[in-house]
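# Commentary on secondary and tertiary structure
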Amino acid sequence: MNRTAGLGKAPVARPLAPRVPSIRMQASKFDTVEMAPPDPILGVSEAFRACQDPRKLNLGVGAYRTEELQPFVLPVVKKAEQKIVNSAGNKEYLPIDGLPEFKKATVDLLLGADHPAIKEGRVQALQALSGTGALRVGAGFLSRYMKGKSVYISNPTWGNHRNIFADEGVEWKYYRYFDAETVGLDFQGMMADLEAAPEGSIVLLHGCAHNPTGIDPTPEQWTQIAQLCQRKGHLPFFDVAYQGFASGSLDQDAAAPRLFVDMGLEILVSQSYSKNLGLYGERVGATVVISSSADASKRVLSQMKKIARAIWSNPPMHGAKIAAEVVNDSTLFEEWKAEMQGMAGRITRVRGELRKSLESKWPEKDWSFVTSQIGMFSFTGLSPAQCDVMTNKHFVFMTKDGRISLAGLNSAKVEYLANAIVDSFKSA
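Residues numbered from 1 in each chain as written. Predicted model: local features only at pLDDT ≥ 70, side-chain atom pairs only at ≥ 80, totals over all residues. Heavy atoms only, no water.

### Structural notes on the overall build of the protein chain
To keep things clear, this is the line we draw: Under the DSSP-based scheme used, a helix requires at least four consecutive residues in state H or I and a strand at least two consecutive residues in state E, with every element numbered from the N terminus. Here's how the labels work: a residue is buried when its accessible area is under 20% of the maximum for its type, exposed when over 50%, partly exposed in between, all with a 1.4 Å probe on protein chains only. In what follows, a contact means two residues having at least one pair of non-hydrogen atoms within 4.5 Å. Surface accessibility follows the Shrake-Rupley procedure with a 1.4 Å probe radius. Residue values consider only the protein chains on display as shielding. Positive charges come from Lys and Arg alone, negative charges from Asp and Glu alone, with His and the N- and C-terminal ends not counted. Charge positions come from single atoms, namely NZ of Lys, CZ of Arg, CG of Asp or CD of Glu.
A count of helices and strands for the protein chain gives 16 helices and 13 strands. For the protein chain, the spread of C-alpha atoms along the principal axes amounts to about 120 × 60 × 50 Å. The proportion of buried residues among the 428 residues of the protein chain is 52%. Considering only intrachain contacts with a sequence separation of at least 6, the fraction spanning at least 24 residues in the protein chain is 75%. Working note: accessible area of the protein chain is about 21100 Å², and carbon and sulfur atoms make up 54% of it. A distance of 10 Å separates the average location of the 49 positive side-chain charges in the protein chain from that of its 45 negative side-chain charges.

This is how it looks when you write it as structure tokens:
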């Protein structure tokens, strides 16, 4: 008799899952790595995004905003991009030193297309990853070919300057620049420090719209600085991040480096298209050398190419094509100049409105520095403790050095900002 009859099929044995051996993790090789502090500038935007208060205002990062406080893509950039799309180009690697049309546009903007130094072949350019990459290549060149020389940077300066030179092993030292009493330029202190610097030092200069102070030397003072550099054999290294964006005039904003070249000085230059073309995320810039001979400039370029090859190898194409289209097309170039004047004009307008509001709330204090400064930023003179009041009480996000980006301010927020500034000055 079948004992299993009526009981259905016997269950099928399932294979056992393979046993996963227990792994005992060893201590990480990275256990000694410390957490890096947040970037003092980009960290401001992170804190702003985390804030839930509707009154919040981001005056930390230097990026232009519309009157509605929205990011702005220049119409001329959109036109240039459409031309690029219609041209059916390829995506091949660029040369190590970059797009030739871009390089031509860059040196033409810096010195003027008919400048003798360009015609004589004494100007060479290397396309770089915006101003930061341009400075890094320049710093790398200096660390190799001007060993033992210190770079003198303004006090204060853009926070990344110190990082860039330090990472390349170039010692940096301050020269005096900001006068806290006058909220202006300490020209005597600056000249004294550059005079005391050893002969042949490197001097980092902001071509226009000094960051973070917005305080520039006068034309007469620039001449004196150039004469000092010439007498001492210093090498000027210009950081030109705001050409055309500061005053609205490409020529006016390039006056300082042009003066130095016209006086016969050799210079290095870092150029950026982040601000004046709004190409922040495209990372478009250049390192430029202007020397006393065409042969010397070519040799410097060859070494800068070697440095770039080990960092990014070949630069990106899209942003460089945009810049080249805009600068080299006469119609687009004129449209761009008008759009730059519009951006610079909006910032100038809110500067005036802010000063007027501050004067109405605290007439005993001198607020003239708000309109005497130029460019994207205003250096308020607020202490770190007062900046904390601005952020923690009034939700105005800014860097601890007292810098505010007026590109992130509109007319509707002027009154709120003025109240916050006055209260912070008085309460901390």
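### Some points on the environment of Ser 405
Relative to the helices and strands, Ser 405 resides in strand 13 (residues 403-405). In sequence terms Ser 405 and Pro 116 are 289 residues apart; their C-alpha atoms lie 37 Å from each other. Among all residues touching Ser 405, those that are not within four sequence positions of it are Leu 59, Val 61, Gly 62, Ala 63, Met 376 and Phe 377.

### Some points on the nonpolar core
Applied cut-off: Here the nonpolar core consists of buried residues drawn from Ala, Val, Leu, Ile, Met, Phe, Trp, Tyr and Cys, with membership extended through side-chain atoms lying within 4.5 Å.
In this structure, Phe 260, Leu 277, Trp 336, Leu 354 and Leu 417 are the most contacted members of the largest nonpolar core, which totals 99 residues. Broken down by element, this core gets its largest block of residues, nine residues, from helix 13 (residues 330-361). Apart from the residues lying within four places of it in its own chain, the contact partners of Trp 336 are Leu 74, Val 76, Leu 109, Leu 250, Asn 276, Leu 277, Val 326 and Val 327. Ala 134, Phe 141, Val 289 and Leu 301 belong to the second largest nonpolar core, which has 25 residues in total.

### So, the packing of helix 3 (residues 100-111) against helix 10 (residues 255-262)
The packing of two helices is summarised by the inter-axis angle and the distance between the axes. As a reminder of what qualifies: Fitting a line to C-alpha atoms yields each axis, with helices limited to the stretch in contact; the angle taken between N-to-C directions then spans 0 to 180 degrees. For classification purposes, an angle smaller than 35 degrees is called roughly parallel, one larger than 145 roughly antiparallel, one from 65 to 115 roughly perpendicular, and anything else oblique. Each residue is assigned to one class: nonpolar for Ala, Val, Leu, Ile, Met, Phe, Trp, Tyr, Cys and Pro, charged for Asp, Glu, Lys and Arg, and polar for all the others, Gly among them.
At their nearest, the axes of helix 3 and helix 10 sit 8 Å apart, and the two run at 85° to each other. Taken together, the axis directions place helix 3 and helix 10 in an arrangement best described as roughly perpendicular. Across from Asp 108, Leu 109, Leu 110 and Leu 111 in helix 3, the residues of helix 10 making contact are Pro 257, Arg 258 and Val 261. Broken down by class, the residue content of the contact of helix 3 with helix 10 amounts to five nonpolar, no polar and two charged.

### Remarks on the sheet that holds strand 7 (residues 202-206)
To be explicit about the condition: Any two strands between which DSSP finds at least two bridges are classified as paired.
One open sheet accounts for seven strands, arranged 2-10-9-8-7-3-4; its pairing is mixed. Because the sheet does not close on itself, it has two edges, and the strands there are strand 2 (123-128) and strand 4 (172-176). Direction aside, the axes of adjacent strands within the sheet are offset by 25° on average. Note that strand 8 (residues 235-240) and strand 9 (residues 267-272) share four bridges and pair parallel. What sits directly across from Phe 238, in strand 9, is Val 269. In the packing of helix 11 (residues 294-309) onto the sheet, contacts are made with strand 2 and strand 10 (285-290), and the angle to strand 2 comes to roughly 10°.

### Examining empty space enclosed by the protein
Rules: We place a 1 Å grid over just the protein atoms. Points where a 1.4 Å probe fits but has no way out form a cavity, open points with protein on both sides within 12 Å along at least 5 of 7 lines form a pocket, and any residue with an atom within 4 Å of a point lines it. Grid points are joined across faces, edges and corners, and a volume is the space filled by probe spheres set on the points.
Taken as a whole and judged by the stated rule, the model has three cavities of 30 Å³ or more. Roughly 50 Å³ of internal volume is contained in the largest cavity. Taken together, Leu 109, Val 240, Gln 243, Gln 271, Ser 272, Tyr 273 and Asn 276 make up the lining of the largest cavity.

### Remarks on the packing of helix 13 against helix 16 (residues 411-427)
As a reminder of what qualifies: Should the near helix be turned anticlockwise from the far one by less than a right angle, the crossing is termed left-handed; should it be turned clockwise, right-handed.
Relative orientation of the contacting elements helix 13 and helix 16 amounts to 45°, with a least axis distance of 9 Å. By the angle between their axes, helix 13 is oblique relative to helix 16. As for how helix 13 packs across helix 16, the hand of that crossing is right-handed. Residues Arg 349, Val 350, Glu 353, Leu 354, Ser 357, Leu 358 and Lys 361 of helix 13 lie in contact with helix 16, whose contacting residues are Ser 411, Val 414, Glu 415, Leu 417, Ala 418, Asn 419, Ile 421 and Val 422. The class makeup of the residues in the contact of helix 13 with helix 16 is eight nonpolar, three polar and four charged.

### Regarding helix 8 (residues 219-232)
Given 3.6 residues to a turn, an α-helix orients residues that are three or four positions apart in the same direction. Put simply, the test is: Expected span, for any helix, means 1.5 Å times one less than how many residues it has. The directions from the helix axis to the C-beta atoms form the arc being described.
For helix 8, spanning 14 residues, the distance from its first C-alpha to its last is 20 Å, which sits close to the expected 20 Å at 1.5 Å a residue. Of all the positions in helix 8, only Gln 221, Trp 222, Ile 225, Ala 226, Leu 228, Cys 229 and Lys 232 are classed as buried. Mapping the buried residues of helix 8 onto a view down its axis gives an arc of 160°, with all of them on the same face. Turned more than 90 degrees away from the buried face of helix 8, the exposed residues are Pro 219, Glu 220 and Arg 231.

### Regarding the pairing of strand 4
Operational definition: Place the viewer so that the strands point away; then a crossover is right-handed whenever the path from the first strand over the helix to the second strand goes clockwise.
Pairing geometry for strand 3 (residues 151-155) and strand 4, over five bridges, is parallel. If you follow Tyr 152 over to strand 4, its bridge partner there is Lys 173. Between the parallel pair strand 3 and strand 4, the chain is carried across by helix 6 (residues 159-167), and the sense of this crossover is right-handed.

### Looking at the pairing of strand 9
The buried fraction of strand 9 is high, at six of six residues. Burial along strand 9 is two-sided: Ile 267, Val 269 and Gln 271 facing one way and Leu 268, Ser 270 and Ser 272 facing the other are all buried. Where strand 9 and strand 10 come together, six bridges link them in antiparallel fashion. Paired with Val 269 across the strands is Val 288, a residue of strand 10.

### Some remarks on the pattern of salt bridges
Rules: We count a salt bridge whenever a side-chain nitrogen from Lys or Arg sits within 4 Å of a carboxyl oxygen from Asp or Glu.
Within the structure shown, the criterion is met by 22 salt bridges. Its salt-bridge partner being Glu 335, residue Lys 79 comes within 2.8 Å of it at the nearest N-O pair. On the criterion of sequence distance, the pair formed by Lys 79 in helix 2 (residues 75-86) and Glu 335 in helix 13 is long-range, its members being 256 residues apart. Look at Glu 335 and you get partly exposed, because its relative accessible area is 24%. For Asp 193, the salt bridge is made with Arg 176, and the minimal N-O distance between the two is 3.0 Å. Of this pair, Asp 193 sits in helix 7 (residues 187-196) while Arg 176 sits in strand 4, and the two are 17 residues apart along the sequence. Owing to a relative accessible area of 19%, Asp 193 belongs among the buried residues under this scheme. Note on Arg 176: relative accessible area 42%, which makes it partly exposed.

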